[in-house]
Amino acid sequence: MDLVFPSFSMDKERLLMHSQRVGSLSQAQRERLTYLEFRLYFMGQIGRPDLSARFGVAPAGATRDIAMYRELAPKNIDLHNSSKTYRISSEFVPIFEHAPQRVLSALSLGFGDGVDGDQRSQLPCEFPAILNCPRMEVLAPICRAIHAKRPVAIRYQSMISGASERVIVPFALVDTGLRWHVRAFDRKSGEFRDFVITRIQNPIILDEESTAQERMDADIQWARIVELDLVPHPRLKHPEIIELDYGMQDGSIRLRVRAAVAGYMLLRWCIDASSDHSLTEKQYRLWLRDHLGKR
């Protein structure tokens, strides 16, 4: 985890001291202290039982972790004797980075690692049901092939050509927001393409090396970066609301994305990519101002 130390509250000597101390912690200690701070930041309090339940440490170990955090950030945490809990202080400033996506995932799904960790939501939370998930017996060999840079023989169901036998060389997973794809070189067509993982059947990793022209570096659309300049749709009467929704600066948000996945992003966020912002349906809240993009 990266440290976040506001310069307005710490001098250089204290910054160096804290940075060196945290840098000397083991990975396990970092994980426990990050969880401790997460509970403080988003729940407002933490007790020894919380650490014991999450990490399986003895009460004495939980006490040491809390003491260590208090040494690192004494102004962040207050002891409430009546409840024997530690609560967030009025001067709290996080010392670990808490990325929004990971925080929201932890709040909705639990802070665990997906195996033996806490899989309960931290707060009441609802989100759209996932209608299609890759089967693990398909996803696992695809991932192994990516890691080993090996081709995979598959049976693939295409909406256009139906079922076919193919050999692909996968190199990256792609989340479109609605389904998962794998980016791969397709030996049948001789092109780099996206394959929907739920349409892949019977993957078999081949005991051979992929060639240079089949690997990620040869995929022009994957390597090419385009810049998307997104603004509130011109038809909207209150563009300032859209600016708030998307955290825009100076009325726009500029994103640099791979050309191979830019189309998925435009679809996911219902972005009007027409040159004259001619799509007027309500779902279009954003307009791609430079519809050609920039390198």
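My aim in this report is to walk through the structure given alongside it, one point at a time. None of these values were measured; they are calculated from a predicted model.

### Side note on the packing of helix α2 (residues 27-43) against helix α5 (residues 100-109)
Phase 1 of the analysis: One can describe the packing of α2 onto α5 by two numbers: an axis separation of 12 Å at closest approach and a directional angle of 80 degrees. Taken together, the axes of α2 and α5 lie roughly perpendicular to each other. Contacts between α2 and α5 involve Phe38, Phe42 and Met43 on the former and, on the latter, Val103, Ala106 and Leu107.
Phase 2 of the analysis: Partitioned by chemical class, the residues of the contact of α2 with α5 number 6 nonpolar, no polar and no charged.

### Quick notes on the pattern of salt bridges
Phase 1 of the analysis: This model, assessed by the stated rule, comprises 17 salt bridges.
Phase 2 of the analysis: In this structure, the salt-bridge partner of Arg183 is Asp219, at a minimum N-O distance of 2.8 Å. Of this pair, Arg183 sits in strand β6 (residues 180-186) while Asp219 sits in the loop between β8 (200-205) and α7 (220-223), and the two are 36 residues apart along the sequence. Per residue, the accessibility class of Arg183 equals that of Asp219, and both read buried.
Phase 3 of the analysis: Arg193 is paired through a salt bridge with Glu191; the nearest N and O atoms lie 3.2 Å apart.
Phase 4 of the analysis: The class of Glu191 is partly exposed, set by a relative accessible area of 40%.
Phase 5 of the analysis: Each of Glu227, Asp229, Arg254, Arg256 and Arg289 takes part in a single network of salt bridges with overlapping partners.

### Thoughts on the sheet that holds β6
Backbone hydrogen bonds hold the strands of a sheet together, and the pairing may be parallel or antiparallel.
Phase 1 of the analysis: What the 5 strands build is an open sheet, ordered β7-β6-β5-β4-β8; its pairing is antiparallel. One side of each edge strand has no neighbouring strand; the edge strands of this open sheet are β7 (191-196) and β8. Averaged over neighbouring strand pairs, the angle between their axes works out to 45 degrees when direction is ignored.
Phase 2 of the analysis: Relative to β6, strand β5 (residues 162-175) runs antiparallel, the two being bridged by 7 bridges.

### Overview of the sheet that holds strand β12 (residues 286-288)
Phase 1 of the analysis: Spatial ordering of the open sheet is given by β10-β9-β12-β11, a layout of 4 strands whose pairing is mixed. With one partner strand each, in any of the chains shown, β10 (253-258) and β11 (271-272) form the two edges of the open sheet.
Phase 2 of the analysis: With 2 bridges connecting them, β11 and β12 associate as parallel partners. By the bridge assignment, Ile271 is partnered in β12 with Leu286.
Phase 3 of the analysis: Along the sheet, helix α9 (residues 259-268) contacts β9 (225-232), β10, β11 and β12; its crossing angle with β10, the most-contacted strand, is approximately 130 degrees.

Conventions we followed
- Residues numbered from 1 in each chain as written.
- Predicted model: local features only at pLDDT ≥ 70, side-chain atom pairs only at ≥ 80, totals over all residues.
- Heavy atoms only, no water.
- Axes fitted to C-alpha atoms, helices over the stretch in contact; angles between N-to-C directions.
- Helix = DSSP H or I, 4+ residues; strand = E, 2+ residues; numbered from the N terminus.
- Parallel < 35°, antiparallel > 145°, perpendicular 65-115°, else oblique.
- Contact = heavy atoms within 4.5 Å.
- Nonpolar A, V, L, I, M, F, W, Y, C, P; charged D, E, K, R; others polar.
- Salt bridge = Lys/Arg side-chain N within 4 Å of Asp/Glu carboxyl O.
- Buried < 20%, exposed > 50% of the residue type's maximum accessible area, 1.4 Å probe, protein only.
- Pairing = 2+ DSSP bridges.

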